[in-house]
Amino acid sequence: MVVRSLITGCGSCLPRQSVSNHELAQRVDTSDDWIVQRTGIRSRHIAGDGETTSDLAFGAAQSALAHAGIPASRIDLIVLATTTPDHTFPATAVRVQARLGLTTGIAFDVQAVCSGFVYALAVADNFLRLGQARTALVIGADTFSRILDWNDRTTCVLFGDGAGAVVLEATDGQGTVSDRGVLSTHLHSDGRHYEALWVDGGPSATQTTGHVRMNGQEVFRHAVSRLSEVAAEALAANGVEPGQLDWLVPHQANLRIIEGTARKLHLPLEKAVICVDHHGNTSAASIPLALTEAVTDGRIKCSDLVLMEAMGGGFTWGSALVRW
Ligand code: ACO
């Protein structure tokens, strides 16, 4: 017998305001055609005045708990992935914890940028498998609109705001690929690429918040290779062929990256859950937002084999193979 982290609920929360490429083109020198052709993005949600990362994270947490059908009091671990915390400290996770009415248990943030959700899922899975927690909320939440340079057309068209969450519950499994739950996670990082995708400010370096800066072509080149490698690593570790996958749930950065990764894995694009067109890149929120959409509309069903993969600043990258 082994302990498996079963995903028993998922949920999401998006800001009300959706901004189309046409609307962006009125603010910066860009066009709907350019953005759609290069990225597949058509619109993104942008947080309203005063709407914070913790507001979105709390909304996603409530919706995941409702979907799992359990009260917040069962949660003994909250791992929240974000690059855009409400404040430099404390962790945004403790704000969510308090708003859920919890005064016990563990709550902390994980910072791995766009890989944040996969990192947070791996951390929570390890807590559950070691018996340090029984029921976890794993949240990916970001308000990248707050750290964009709205005069830089090479970055501001790419990102959006949002939050997604899953509930993980410790259950017994046989230790085989037929088990439901998280089957494996694989994480990597390589800090030599620090400035390929970074924010040019921070409490220690500049005492400012800073703005997103990116060498888009370098990120693109690395993304397809690293993502297909880490996806293949997950399949090999579990003795699974690409044809056995029901769904690929990739980080939603760019449609061309998703297409390139699916091609390298010999997976038909129809097996990839795609929502980058209406979310843009929501960083740590992108995978749980995509999961929630595909579960809600009935695509992802009980016992489906789901592969998640993500890459982000650092570089960081990772994958998780889950039987739903
Ligand atoms: N609108 C119109 N023109 C633009 C825009 C814009 N928003 N942005 C750049 N351009 C112009 C450039 O100035 C350049 O003009 P020039 O030829 O006159 O110099 C031209 O378009 C081509 O620019 P490139 O940077 O070469 O465009 P490219 O085809 O590489 O596409 C993009 C840029 C979309 C950023 C691409 O490199 C990419 O997708 N990279 C991956 C980045 C990414 O996904 N980052 C997200 C975070 S990382 C992650 O999540 C994996």
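Heads up: the structure comes first, above all this text.
Residues numbered from 1 in each chain as written. Predicted model: local features only at pLDDT ≥ 70, side-chain atom pairs only at ≥ 80, totals over all residues. Heavy atoms only, no water.

1. Overview of the site of the ligand
Stage number 1. In the region of the ligand, 22 residues are neighbours, and Thr30, Arg38, Gln217, His251 and Asn254 sit closest.
Stage number 2. At 2.8 Å from an oxygen atom of the ligand is found a side-chain nitrogen or oxygen belonging to His251.
Stage number 3. Within the contact set of the ligand, an oxygen atom lies 2.5 Å away from a side-chain nitrogen or oxygen of Asn254.
Stage number 4. Out of a free accessible area of 1000 Å², the ligand has 74% covered by protein chains.
Stage number 5. Sort the elements by how many residues they give to the shell around the ligand and helix H7 (residues 216-238) lands first, with 4 residues.
Stage number 6. Looking at the shell around the ligand residue by residue, the class counts come to 10 nonpolar, 8 polar and 4 charged.
Stage number 7. Shared between two domains, the shell around the ligand holds at least three residues of each, these being domain 1 (2-173) and domain 2 (181-323). (Near = heavy atom within 4 Å. Polar contact = N/O pair within 3.5 Å; in protein donor to acceptor, adjacent residues only side chain to side chain. Areas by Shrake-Rupley, 256 points an atom, 1.4 Å probe, with all protein chains shown as cover. Helix = DSSP H or I, 4+ residues; strand = E, 2+ residues; numbered from the N terminus. Nonpolar A, V, L, I, M, F, W, Y, C, P; charged D, E, K, R; others polar. Domains from an automatic or database assignment.)

2. With respect to unusual backbone geometry
Stage number 1. In this structure, the amide linkage connecting Phe89 to the following residue, Pro90, adopts the cis form with an omega of 0 degrees.
Stage number 2. In this structure, the amide linkage connecting Gly314 to the following residue, Phe315, adopts the cis form with an omega of -10 degrees.
Stage number 3. For Phe315, the location among the structural elements is in the loop between strand E12 (305-312) and strand E13 (316-323).
Stage number 4. Residue Gln207 is not a glycine yet carries a positive backbone phi of 60 degrees.
Stage number 5. You can see Gln207 is positioned in the loop between strand E9 (197-199) and strand E10 (212-214).

3. A word on the sheet that holds strand E11 (residues 247-250)
Stage number 1. Across the sheet, 4 strands lie side by side as E8-E13-E12-E11; this open sheet has mixed pairing. Here the strands that pair on one side only, and so sit at the sheet edges, are strand E8 (181-189) and E11. Taking the axes of each pair of neighbouring strands and ignoring which way they run, one obtains an average angle of 15 degrees across the sheet.
Stage number 2. In this structure, E8 lies alongside E13, joined through 8 bridges in antiparallel fashion. Bridge pairing in E13 places His188 opposite Trp317.
Stage number 3. Of the strands in this sheet, E8, E12 and E13 are in contact with helix H5 (residues 116-129), which crosses E8 at around 125 degrees. (Pairing = 2+ DSSP bridges. Axes fitted to C-alpha atoms, helices over the stretch in contact; angles between N-to-C directions. Contact = heavy atoms within 4.5 Å.)

4. Quick look at the sheet that holds strand E5 (residues 106-110)
Stage number 1. On the basis of which strands lie adjacent, the open sheet formed by 5 strands has the order E1-E7-E6-E4-E5 and mixed pairing. A strand with exactly one partner marks an edge of an open sheet, and here the two such strands are strand E1 (2-13) and E5. Going across the sheet, the axis of each strand differs from the next one's by a mean of 20 degrees, ignoring polarity.
Stage number 2. Looking at chain direction, strand E4 (residues 77-81) and E5 are connected through 5 bridges and run parallel. Counterpart to Ile78 in the pairing with E5 is Ala107.
Stage number 3. Strands in contact with helix H3 (residues 53-68) are E1, E4, strand E6 (135-143) and strand E7 (161-173); relative to E1, the strand with the most contacts, it is inclined by about 120 degrees.
Stage number 4. The sheet contacts of helix H4 (residues 92-99) involve E4, E5 and E6, and relative to E5 the element is tilted by about 145 degrees.

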